[in-house]
Amino acid sequence: MSPRRLDSRSDEDDVRQRPGKHGSRPRTRTRPAHGDAVPGLVVAVDRGRMTVRVEGPEGAPVDITTMRARELGKHGVVVGDRVRVVGDTTGRTDSLARIVVIEERTTSLRRTADDTDPTERIVVANADLLVVVTAVTDPEPAFGFLDRCLVAAYAGGLEPLLCLTKTDLASPQPLLDRYAGLGLDAVAISRELPLDDLLERLDSRISVLVGQSGVGKSTLVNRLVPDAFRATGDVSKIGKGRHTSSSVVLFDLPAAGMVIDTPGIRSFGLAHVTADDVLAAFDEIAEAAVDCPPLCGHTAADPGCALDAWAATGPPARHEQLAALRVLLGAVGQVGPGY
Ligand SMILES: Nc1nc2c(ncn2[C@@H]2O[C@H](COP(=O)(O)OP(=O)(O)O)[C@@H](O)[C@H]2O)c(=O)[nH]1
Ligand SMILES: [Mg+2]
Ligand SMILES: [Zn+2]
């Protein structure tokens, strides 16, 4: 069962988007007539000002300050967005350029504040990989959180990667076992060991790091990006009250690729996700589910779910696959809207 990349949905907005009819949202690649607009990548968003990386006069990348053009209406801009910019794009002090186009997103990592809040927010656009960082112990793995991260990855079209930290303290095996059926990629790391396995997976890609407090995410970011200077240890004392402690931050890896840290994200509300959104990441299972009754939640409690028959036929590994998938669907099952 191999996850496949989903087609993009059009989710432009990180604000006020009603759930329940995704798939039918208009696909708006907003493009006013700006022939001279230059392409760029949004690397930071801070209260209405976006830092956009464009190609500078000498060909080297330059980070410039921008705002959204009025013609974009309510379309939100998030880190990772590919945009087009007009105005003063030199990056000179006090220059302010305008974003006139937001390119269609290839992936979108989304969350709602909680499972009942209909307001969907896009956390990061166009990331390839969601690196779910969890300690094997100290703190103990938060399985519910991990399940939710994986659901958000599959539903958003990102490839998930489990990054198991503090493996000097305990075995990663129980965590690997929980998700074995998903065919999920995983790396085990610790402070004392080289990061080669992880670096290989981050190479030339845009990766988002998520993880609960204390798992060693800042320690990891500092090793990946030596000039990142993320506060580690008792963060509750260090980061409190600063808006930077909760903003999404993009770092360039010393080699090729970028990592995006998400310090403020401690939960993934999934009010926007349906069971079928998750299934869509698994070709074979999605195909088997066409025989399910309408609005089937695909859990063991759903009468007539065709996935039981699918697991009962074919290779025995299907049972493990279905069990792992249903662990994830348990996180979706708590959702009201759409079901
Ligand atoms: N034993 C052990 N401790 C670690 C490891 N990585 C980080 N830590 C410790 O775990 C604590 C939390 O680390 P931090 O990077 O601040 O976690 P964050 O909250 O996820 O950013 C700190 O005391 C780190 O020194 C590791 O690989 N092994
Ligand atoms: Mg931290
Ligand atoms: Zn079903």
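Just so it is clear, the structure is predicted and the values come from calculations on it, not from any experiment. (Residues numbered from 1 in each chain as written. Chains lettered and ligands numbered in written order. Predicted model: local features only at pLDDT ≥ 70, side-chain atom pairs only at ≥ 80, totals over all residues. Heavy atoms only, no water.)

On to the overall build of the chain. Of regular secondary structure, the chain possesses 9 helices and 13 strands. Taking all 339 residues of the chain together, 49% fall into the buried category. Of the contacts made within the chain by residues no fewer than 6 positions apart, 67% connect residues no fewer than 24 positions apart. (Helix = DSSP H or I, 4+ residues; strand = E, 2+ residues; numbered from the N terminus. Buried < 20%, exposed > 50% of the residue type's maximum accessible area, 1.4 Å probe, protein only. Contact = heavy atoms within 4.5 Å.)

Next up on the list: the site of ligand 1. As a structural note, the neighbourhood of ligand 1 is formed by 16 residues, with R191, G214, K217, T219 and G233 the closest of them. One nitrogen or oxygen atom from the side chain of K166 is found 2.9 Å from an oxygen atom belonging to ligand 1. K217 is positioned with one of its backbone polar atoms (N or O) 2.8 Å from an oxygen atom of ligand 1. A total of 580 Å² of accessible area belongs to ligand 1 in isolation, and the protein chains cover 82% of it. The residue inventory of the shell around ligand 1, partitioned by class, reads 3 nonpolar, 9 polar and 4 charged. (Near = heavy atom within 4 Å. Polar contact = N/O pair within 3.5 Å; in protein donor to acceptor, adjacent residues only side chain to side chain. Areas by Shrake-Rupley, 256 points an atom, 1.4 Å probe, with all protein chains shown as cover. Nonpolar A, V, L, I, M, F, W, Y, C, P; charged D, E, K, R; others polar.)

Moving on, we come to the coordination of the zinc ion (ligand 3). Distances from the zinc ion (ligand 3) to its protein donors, namely C292 (SG), C296 (SG), H298 (ND1) and C305 (SG), fall within the range 2.1 to 2.4 Å. Around the zinc ion (ligand 3) sit 4 donor atoms, and with donor-metal-donor angles ranging over 101 to 118° the site reads as tetrahedral. Read from N- to C-terminus, the donor residues coordinating the zinc ion (ligand 3) fall into the pattern C-x3-C-x1-H-x6-C. (Donors = N, O, S within 2.8 Å, 3.2 Å for Na, K, Ca; no water. Tetrahedral: all angles 85-135°; square planar, octahedral: opposite > 155°, others 65-115°.)

Moving on, we come to a negative patch on the surface. On the surface, D196, D197, E200 and D203 cluster together to form a negatively charged patch. Note that D203 resides in the loop between helix 3 (196-202) and strand 11 (206-211). The exposure class of D203 is partly exposed, given its relative accessible area of 39%. (Patch = residues over 30% accessible without salt bridge, like charges linked within 9 Å, V, L, I, M, F, W, Y side chains within 5 Å. Salt bridge = Lys/Arg side-chain N within 4 Å of Asp/Glu carboxyl O. Lys, Arg positive; Asp, Glu negative; His and termini not counted. Charge placed at Lys NZ, Arg CZ, Asp CG, Glu CD.)

Turning to the pairing of strand 1 (residues 38-46), a few remarks are in order. Strand direction decides the pairing type here: strand 1 and strand 4 (residues 82-86), joined by 4 bridges, are antiparallel. Residue pairing for strand 4: L41 is matched across the bridge by R82. The hairpin turn running from strand 1 into strand 2 (residues 49-55), its antiparallel successor, is 2 residues long, and R47 in that turn takes a positive phi close to 45°. (Pairing = 2+ DSSP bridges.)

As a general rule, the predicted coordinates of low-pLDDT regions are not to be interpreted in detail. Of all residues in the chain, 84% attain a pLDDT of 70 or more, and the chain-wide mean is 85. In this model residues 1-27 is a low-confidence stretch, pLDDT under 50, and it forms 84 contacts with partners more than four residues away in sequence or in other chains. Here residues 335-339 scores under 50 on pLDDT; set against residues more than four positions off or in separate chains, the count is 13 contacts. (pLDDT = per-residue confidence, 0-100.)

Attention now moves to the pattern of salt bridges. Per the counting criterion, the structure on display carries 16 salt bridges. With a shortest N-O distance of 2.9 Å, R53 and D252 are connected by a salt bridge. Of the two residues, R53 is situated in strand 2 and D252 in strand 12 (residues 249-252); the sequence distance between them amounts to 199 residues. Note that D261 is salt-bridged to R230, the shortest N-O span being 3.1 Å. Note that D261 is positioned in strand 13 (residues 258-261) and R230 in the loop between helix 4 (217-224) and helix 5 (235-238), a separation of 31 residues in sequence.

So, on to the nonpolar core. Within the largest apolar cluster, 59 residues are counted, with the highest numbers of intra-cluster contacts made by L130, Y154, L182, V208, F268 and V278. Counting residues in each nonpolar core, the second largest holds 21 residues, with A135, V187, L209 and V221 among its members. (Core = buried A, V, L, I, M, F, W, Y, C linked by side-chain atoms within 4.5 Å.)

Let us look at helix 1 (residues 143-156). Along its 14 residues, helix 1 runs 20 Å from first to last C-alpha, staying within 8% of the 20 Å computed at 1.5 Å per residue. For helix 1, the buried fraction is high: 12 of the 14 residues fall into the buried class. Looking one or two residues past helix 1, G157 carries a phi angle of roughly 85°, positive in sign. (Expected span 1.5 Å × (residues − 1).)

On the basis of which strands lie adjacent, the closed barrel formed by 5 strands has the order 1-2-3-5-4 and mixed pairing. Taking the axes of each pair of neighbouring strands and ignoring which way they run, one obtains an average angle of 55° across the sheet. (Axes fitted to C-alpha atoms, helices over the stretch in contact; angles between N-to-C directions.)

Let's shift gears to the sheet that holds strand 9 (residues 159-165). The sheet built from 6 strands is open, its strands ordered 10-9-8-11-13-12 with mixed pairing. Strands at the two margins of the open sheet, each flanked by one partner only, are strand 10 (185-188) and strand 12. Between one strand and the next, the sheet's axes are offset by a mean angle of 25°, whatever the strand orientation. In this sheet, strand 13 lies alongside strand 11 in parallel orientation, the contact comprising 4 bridges. What sits directly across from I206, in strand 13, is M258. Strands in contact with helix 1 are strand 8 (129-135), strand 9 and strand 11; relative to strand 8, the strand with the most contacts, it is inclined by about 175°. Sheet contacts for helix 4: strand 8, strand 9, strand 11, strand 12 and strand 13; angle to strand 11, the most-contacted strand, approximately 155°.

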